[in-house]
Structure formats: structure tokens, C-alpha cells
Amino acid sequence: MTDKEQYKIQAEPFYQQQNNEVALYEAAYRNRLPVMVKGPTGCGKSRFIEYMAWKLGKPLITVACNEDMTASDLVGRYLLDEGGTRWLDGPLTTAARIGAICYLDEIVEARQDTTVVIHPLTDHRRTLPLDKKGELIHAHPDFQLVISYNPGYQTLMKDLKQSTKQRFTAFDFDYPDAALETEIVANETGLASDTVAKLVKIGNVARNLKGHGLDEGISTRLLVYAATLIKDNVSPVDACRMALVRPITDDADIRETLDHAIVATFT
Amino acid sequence: MAAFRARPSKFLAKEAAVAMNNTLSRDQQLELYWTRLDTRFPQAQAVFEDCMTEALASLSSEGVDAYLEAARAIGKLGRGVEPMLAFLEEWPATALAVGESALTAVMDTIRVMQKSPNGRAIDPFIRTLAPVARRLQSAELLEEYLEITQNLMTRTTGSIHGHHTTFPSPGLPDFLAQAPNLLGQLTLSGMKNWVDYGIRNYNNHPERQKDYFSLQSADSRAVLQRERQGTLLVDNERNLDLYLRGLWQDSEHLVPYSTAFDQIRKPIPYYDKLGIRLPDVCEDQNGIRGIDRYRAILAHIVGHRRWSEAQIADNWSPFQRMAVEFFEDCRIDTLLIREYPGMRKLFLALHPKPQENACDPETTSCLRHRLAMLSRALLDPDHGYTDADLNEFVARFHALMEQPATSTNEVAHLALSYVARTRRQSDQFAKVHFDNTVVEYRDDNRQLWKFIEAGDEEEAFDEQRKIEPQEIQGLPPRHYPEWDYVSQSYRPDWVSVYESLHSSGNAADIDRLLQKHAALAKQLKKMLDALKPQDKVRIRYQEEGSELDLDVAIRSLIDYKSGANPDPRINMSHRTNGRSIAVMLLLDLSESLNEKAAGSEQTILELSQEAVSLLAWAIDKLGDPFAIAGFHSNTRHEVRYQHIKGYSERWDDEVKARLAKMEAGYSTRMGAAMRHAAHYLSAQKADKKLMLILTDGQPSDVDTSDDRLLIEDARQAVKELDQQGIFPYCISLDARLKAGDDDYVRDIFGQHYTIIDHIERLPERLPKLFMALTK
Ligand SMILES: Nc1ncnc2c1ncn2[C@@H]1O[C@H](COP(=O)(O)OP(=O)(O)OP(=O)(O)O)[C@@H](O)[C@H]1O
Ligand SMILES: [Mg+2]
């Protein structure tokens, strides 16, 4: 049996609640309802789940999905060794066995056939058939499935099927308002809040441009990066250009506008 | 002056000057000079003394000799007194600016004009010589100018079809009259380009050539604009739009006003219902780039829109109002700086810093000067002014700004007490100290006032003064060139395209149309399914797959044999690669679509609507990214481009609702619409880009009499599309066209077109055509 302690979050992660999502999540967990967290990149979705796992004292198994992922990568496969073949559980199977919260990050990225394997785990059956092994796993009572999903990325080709979507309760995340975001970044990095407030201001300039040449604004994660650089004595202007502007766009006009916002904010 | 008479003389200026110093009286001297002019024009006599005084002060004695000799020669040209008078008046100042030696080249030019049919241009040439020279400030540059002039003259003289060189250049006199104005804005090379454009395009149209060189025609102004230095608004509209949206959550039409044609009274930025008015060009100033000067103006205006409240003007004197404006402007700037501290540096670099003692209150009205200093001090902590009142009010202003919220009204009261405190009798003087008091980034504050007495203000005030940050629709116009086949060149920024969101109707109408064509849809569906699979690609590293991937299998086997963990992904499989086609559907929505289609009860518009709905449905099924837009035009100043569906939008009720509201009107300026559509299509990341143009007739517009012009422009636009990797295809509904008679469509689109002759079958034909095109 796998050691479930290794999947437990040891120290309390810093998480700043935005609304009453903590209580709502607890309610969902109490009833073992599958959860979907939606929101733009870097707005705190992963951090939230990590925090909830810690708060609930449950192991957390996170899987970053990608387009090469197959069902076996989730469920498990036979390996060959000296003695012949040996079955190795995939992360989803492990989670179902030990009663962990299984967090499938960016599930849309995975191929459509992959997403289907989670279906039986999300309804009242709470089972996971291991076809190749000829085993049917009944999920541990503590097991819960969480997926994340960034609606901004969806194209006609890449969208969750309705039948998948309709198996989850959902949390809508977005970048927090300026005061809260300032608090988050300051807490996370230890940078003085008046400087952080300026970073947040620049972040919001970019978010105002969403749809006018930017697909996504500047994420909280990038603000954390910028603050970290400044904390390490990089000049604010350089830190912002490097962590906030250069990563998100190659559009000359937008760069110029953001660069101007940086200079206008920091001098 | 009346005393002297014409008398021949062999005196030279030098001797005369010496003589004057010694023996001759001033009058006698003048008489000697006058005789050398050898003229009988009484008008010349009237100005001669003044001219000579100036000449003697600014020319060497050889220069004076040459001056008189040249004036004499000009007087003998047989063109009346005017050229000579002009020369007498203009030359001393010219020589002062570029040196006396330039006279030879100037006289050469005059001689060339005299020999050509362009003698009439000599007078304007001389008339503008001094201001031109003042702008150029060197003999070399003046020679370049003379070269441009002669070049223009040679190339435009007598070139009217078939005739001999007996016609003078139509444009030359106008050009010469405009020369100082042109050089105020252009470098010589810019002027040269501007002149070249005029010669190339209007060599055969005397009237249009005159319009061009007198700066009357639109393209003449546009080319001038293009050749100017500094940052042009037209080139930076998007940049500034991003600035407004990003930093200020505001957006507005940006309307340029010309700074080129009103040099005496410089226009001031302002805003009203129609948009924010900005100078068409901003040069760099005090180390601030042109684009940042625009940003400063915009920020200041945004500040007013956010924070200012209109005040009742009737009760206050003009002085009081001026003070209120200065104080309120500073309040706004202070609030802006609070948002973005970097604005302070920008504002201070652009704000004048008047000297404390620059204005003499004994002779001059100094209120403006005082207020400009105060304004500086309110923004600049290091102002260094010592005046006690000024410093007291600076402190009071800052105290006021410490309050959690401030209003126009509060700061207005502070302004009134400032006026009361510092009032001086001389404030009433007519002579006002203006120097160094104008803050160029500030608007004219017309929105700050409301008048109770109705009727005196032509511009009504917007009821809703304060503008909350919000999401804004509607974009500033984009400008596109148009191809002029006559001159084989582009007219720059000729057409203004306004893009807007198409209004919405009832989405269910479209669903009903689709329902009506259910049978057709079924048939189409089969064809769509056949379209979907395309070339297959191999996916390696599959655990389960259709074939063994030998390379990987062997590697795994080696790993296994050597005791390492083998990779189980030894298979490969095939996947059909997605189509990579982006589509732009461009709909002509001109008036003619309202006509009933031949052989049908429906209008062309209704049939188009059905066809487009089916096509959109089909493309959506295929999953190709596609956009739909309609266009019509009402002269080149107003090409309307209506957004129906964007690439990022889905084929949903919102889009259907817009399609349901499709309406027709106005004309067909196709080239501009295609260029604008290409702007979006070219940004798509697809291997193939298809632009379908659905139209019922040839390009035309009410401001264009030459049918060929817009056809040729569309043809040129098609060429541009080709260069951008876009495949244009026209679906023509022109009922008058029969096979073989399709001349203009073919001219524009080459082989890329289909004519739908039974329009009632369009709903069926269009989707099929699309599929055939993308198979
Ligand atoms: N509410 C919050 N409390 C604490 N930290 C936060 C919060 N929101 C965002 N952060 C910070 O932002 C960073 C990014 O958040 P996170 O990794 O959770 O983003 P995400 O939404 O999962 O993004 P992605 O979709 O790209 O995976 C975190 O590492 C953390 O520093
Ligand atoms: Mg994440």
C-alpha cells in the first residue's frame, strides 16, 4: 500500500480567501462532490486546492495534463521487469485507493478519450475500472476528484464535453481586486505593500487590454515573480519588463503602452 | 524725397557712401541711388527710402551695388512695377538670412522664368523669398529650394496634351505662394517629395494641379501630412487607444485637427460629443517624445472627464474664470499624478516655467503670467518662486488636496480668493503678457463652463458630464490608401473605415431560415463529413496503437535486456490532421441589395441572409475559424465596416441576431473594406486564408465619377491580399452579368470568382462553393 503521508501537505500554504470559497469547498468535500475550478491562468486555482487539501488534512495528488497524455498515464500500466510483468498504478488509481484529492490540472489539454475514464469516478458509482488488469476499484471514502479549466483557452477543438462538464460543481475564479491582490503578493513575497500596489496597478492596465490585442492579462503569478525580482534588488522597471511585459506579448503597441505604464507608475 | 529727380549718374555705391559720409547730404545720396535704379515707376519712389535704409543697414557696399543693379534689371523685365517693388522690399531681409552671395542664383532663376512662359510667377517668387530664406537660413538650402522650383517649372510647363510649350505651369504660382508655409512644416526633402507627388499625379489636370499646389485638395494635405516630421496621430491611433483603455479605462474617438494651416492662432486640444480633438502631429519637445505629448494631453482630458464638474460661468468675470481654469487644471493634474506618479515628470517637462520678473506690471497685464507661475508651482515642488502670495496659495492648494475628496467647486473658491488677493489695476491693460504662459498639453476647458443665458454658446453641453470608466464600443477610424490607376500610385490615407458592431435582431429568425433549408442542410452535412478527414499524421510513442514503431521497440528491448525499465510506448498510430483554414466572409451591404432578385419573390438581401446563414452553419460544423463582416460606404470619408462575427466568437445566438438584422444601404467601396478585412484575416494563424466576397455589383461610390477608379482600386487590393497570403474569391450576384460579359469581376479577381446567375439558388450554391474551394 502506498504511503499516503507523502501526499499530505506539510505546512499551511498561504491562501487568501477571495469570497467564501473555503466554506463552499468544505461543503462540496463533505458530500464528496467533484469540483471544477475555472479561471484564467495564474489566479490561484492550484494554490486554493493545495490549501484545501491541507485544511482538510487529506493527501493531494496533482496531475498536470498535456496533449500527449493517454488514459494509461492516469490509470496505470503494466511494466516489465526481471520477473515478468508488474502493474503500476497511475496517479488517479493511487488517489482512488488511498483516499486522496486528485487534482487534474488543465484537463482540457488532455485528449478527449482520456477525459472519459474519469466519468465513472464522478457519479454515484465512484468506481474506476482497470480494464487491462481486470480490476474494478471502489474509491476510498475520502477520495475526491478536482479538475481545473481555463475558459480563456477554449477553441472549437478544445473544449470540455457537456457530459464531462455536467459532472462537476464549479468555482469561478478571477484575479482578485486590487486591494486583495496587493495583500496576496505582499504576503507571498514580503515586498512592501506600496510597491506591490504599483505592480498590481500595472497588472490591471494589462487586464484592461484583454480583447484589444491581449488574450490574457498579467496573472497574479507573474506579479509574484516581479515582486520576487524586486525583492532581490532588481530595479522595479527592469523587473516589470522582464516578469510582466515580455512574457505576455510581442505586440509592439501593447508593449509600448505597458512600458509606458511602468515608467509612469514607478517614477 | 520729393526733392530729388531722376538723373543719370556714374557714381558707385562705395563712392557714394564715402561721399555721403563726407560731403553729400542724405537726400543727395538717395538721389544718387535712385538714379541707378533707372526707373520711372512712382510706386517705387514711394518705398525707396525705407528700402534703402534697410539695405544700407544689412548689406555690404558691394551688396548694395548688386542690389540696385538687380532691382534695375527686374524693373526692365516688362512685368510692371510689382516684381521690382517686391525685390526692393524682400531682398535685404533675404540676404540677411542666407547671405548676399545667393543673389546670383536668385537672378538666374528669375531669368529662367522670364525666358519660359512662366514670367507671371516671378512676382510670387520674389514676394516669398524672404520668409523662405528665413526658414532655410543658408545659401546651400536656398539653392536646393531654387532647384525644386525650377524642376517643378520645367516639368509642368506646356505639357497639356499635344500643344507646344506655350502654356505656363498651372501650379507654379500657387506653389511659390505656399512655399513659406510648406517650409514651416517640411524639410526640403519633404517639400521635394510633396512637389513630386503633385507633378506625377496632376501633370495633365491644370485645375487639379492648381488645387494641389495651393493646398486645397485633400490628397495634397494628406501627402503634406505624410512628409511632416514628428509623431503623427494617424500612425498612433491604436497605440493611444490602448493607452486610454489600459491606463485610464476610457476610450474615445480621436479626431485630428490640422496644425498646418492655422499658424497664427494655434488650435488647442478639446473634447466634445464627437470625440477628443488632438493636433495631427506632435513633434518631440523638451526631451519628451511626440507620443508622450499625446499621452499627456489625453491624460489631462481623461482627468477632466472623470473629475471635473461644469461651473456656471455667468457670475464670474473673465479673469476669475481664467483663474478657476488654472486651478482646476492643476487639481486634475495632481489627481492624475496620484494615479501615476511618473506623470509629474512628463507634465513638468511640458509646463512652461515663467521667470518671476518677466512681466512688468507697470505696463502690462500680468494675471496670465502670475497664474502660469502659480500653476507651475502647484505641480513643481522645486519651483523656487519667492512671492509670498504665491507660496501661501500653493500651501492652501495642497492642504485642500489632502482632503479625501475634492471638487471643482472647492478649488474654484480658492481661485477666486487668489484673484481677489493679487488683483492689480494693470490686469485690465490691453497689453497682456502671453509669453511662456501656455500649457500646451491642456485642453481649452470648454467643457468646464455652462451658461445659464441660453444661446450664446454654439456648442451644447453634454448633460452627463462625468464619465465613469467603462467598457466602450466603437473604434476610431482606420485610414487606408486607395489606388489611383491614372497616376499609378497610392493616395495615402485616402479612405476612412469605421468599424462598428452590427446591431442585433432576433436570432430565432436565422434558426427559422436554417429550418427552412433542413433538406439542403442534410445534403450538405454529407459533403461536410467527406471534407473533414485530411492528410494523416503519425503519432509516435503510443502504448496502444495501430502499428509497432520498430525504432522504439528495439530501444525498449535493449533497455529490457540490460535490466533497465523499458519504455512501454512502442506503438504508433495515425491521426487525421485538422484542416487549417481561416475564412473571412465579407458582405457587400449596399443599397442595390434591396432589389428583388430576378425570378424570385425575395430580395437579394434576404437570399444573401439565407445563404450566409447556411454557410456559417457549415463552416461552424467544419470547425474552421471564420469571421463575417458587412460593409457599405458613403464617400471615402465614411466606409462602414460592420462586425457580425469575429474569429473568437462562436456561431451562437448573438451572432445570429446580428445576421438577422442585416440591412442594406449606400454604396460599395470594396477596396477599403477588403483591406480592412485583410487586417483581421492576416492575423489568423492558419495555413490557408480565404476571403470570400459576396457582392451584387461593381465597386462604386457617390464621390467618384470615374467608374474605373474603384474597380482598379479593388483590383489593386486583390493584389495586396495575394501578397499577404490571402486567397480572395468573389461570389458575384450581378444579375446583369452573363458568362463572357463578366469583364469587371474578372478585372478585379482574375480567375477567382463565380457568378451566381440564378440568385434564388444562392443558399444552396454558396456552401457548396465554399466546400469545393476548401476541399
Ligand atoms: N488567493 C491567493 N492566495 C495566495 N496566493 C495566491 C492567491 N492567488 C494567487 N496566488 C499566487 O499566485 C500564484 C499562482 O497561482 P496558481 O498556481 O494557483 O495559479 P493557477 O490558477 O493554478 O494557474 P494555472 O491555470 O496557470 O495553473 C501562486 O503561486 C500564488 O503565489
Ligand atoms: Mg495551476
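Further up the page is the structure itself.
Keep in mind that what you see is a predicted model, and the values were worked out from it rather than measured. (Residues numbered from 1 in each chain as written. Chains lettered and ligands numbered in written order. Predicted model: local features only at pLDDT ≥ 70, side-chain atom pairs only at ≥ 80, totals over all residues. Heavy atoms only, no water.)

### Re the overall build of chain B
Put simply, the rule is: Strands here are runs of E lasting at least two residues and helices are runs of H or I lasting at least four, both read from the DSSP assignment and numbered beginning at the N terminus. Three labels apply to residues, based on accessible area from a 1.4 Å probe with only protein chains included: buried if under 20% of the type maximum, exposed if over 50%, partly exposed otherwise in between. The contact rule is simple, with two residues in contact once any of their heavy atoms fall within 4.5 Å. Computed with the Shrake-Rupley method and a 1.4 Å probe, the accessible areas treat only the protein chains shown as cover for residues.
Scanning chain B from terminus to terminus reveals 29 helices and 18 strands. Relative to its full complement of 775 residues, chain B shows a buried share of 53%. Summarising the internal contacts of chain B: among those between residues at least 6 apart in sequence, 72% fall at separations of at least 24. Element-wise, carbon and sulfur atoms account for 49% of the exposed surface of chain B, whose accessible area totals about 35500 Å².

### Some words on the site of ligand 1
All names here are of chain A. Here is the rule we go by: The rule for a residue being near a molecule or strand is that one of its heavy atoms must lie within 4 Å of it. Pairs of N or O atoms within 3.5 Å make up the polar contacts considered here, provided that, within protein, one atom can donate a hydrogen while the other can accept it, and that residues adjacent in sequence are counted only when both atoms are side-chain atoms. Note on residue categories: nonpolar means Ala, Val, Leu, Ile, Met, Phe, Trp, Tyr, Cys or Pro, charged means Asp, Glu, Lys or Arg, and polar means any other residue, Gly included.
Surrounding ligand 1, one finds 18 residues, the nearest of these being T41, G42, K45, S46 and R47. Contacts to ligand 1 include C43, whose backbone N or O atom sits 3.1 Å from an oxygen atom. E188 is positioned with one of its side-chain polar atoms (N or O) 2.9 Å from an oxygen atom of ligand 1. Here ligand 1 loses 90% of its free accessible area of 630 Å² to cover by the protein chains. Where the shell around ligand 1 is concerned, the elements lending two or more residues are helix 2 (45–56), helix 8 (178–189) and helix 10 (220–231). Of the residues that constitute the shell around ligand 1, the class distribution is 6 nonpolar, 6 polar and 6 charged.

### Quick word on the interface of chain B and chain A
Counted only if it meets this: Note: buried area is the sum, over both parts, of the accessible area (probe 1.4 Å) each one loses when the two are combined. For this analysis, a salt bridge means a side-chain nitrogen from Lys or Arg found within 4 Å of a carboxyl oxygen belonging to Asp or Glu.
Taken together, the contact between chain B and chain A spans 29 residues of the former and 30 residues of the latter. Of all residues in chain B, B:R238, B:L242 and B:E543 bury the most surface against chain A, accounting for 18% of the area lost on that side. Linking chain B to chain A there are 6 salt bridges. As a salt-bridge pair, B:R289 and A:E256 come within 3.4 Å of each other at their nearest N and O atoms. For the pair chain B and chain A, the number of links is 14 residue pairs in polar contact (both at pLDDT 80 or more). It is helix 14 (residues 233–248) of chain B that provides the largest number of residues to the side of chain B that touches chain A, a total of 7 residues. The residue makeup of the side of chain B that touches chain A, split by class, is 10 nonpolar, 7 polar and 12 charged.

### Considering the sheet that holds strand 2 (residues 254–257) of chain B
Residues and elements named next belong to chain B. Test applied: Only strands that DSSP links by at least two bridges are regarded as paired with each other. Only the stretch in contact is used when a helix axis is fitted, and all axes are lines through C-alpha atoms; the angle between N-to-C directions ranges over 0 to 180 degrees.
Spatially, 2-4-3 is the arrangement adopted by the 3 strands of the open sheet, whose pairing is mixed. One side of each edge strand has no neighbouring strand; the edge strands of this open sheet are strand 2 and strand 3 (270–272). Averaged over all neighbouring strand pairs, the angle between strand axes comes to 30 degrees, with direction disregarded. Pairing analysis gives 4 bridges linking strand 2 to strand 4 (residues 275–279), with the strands arranged parallel.

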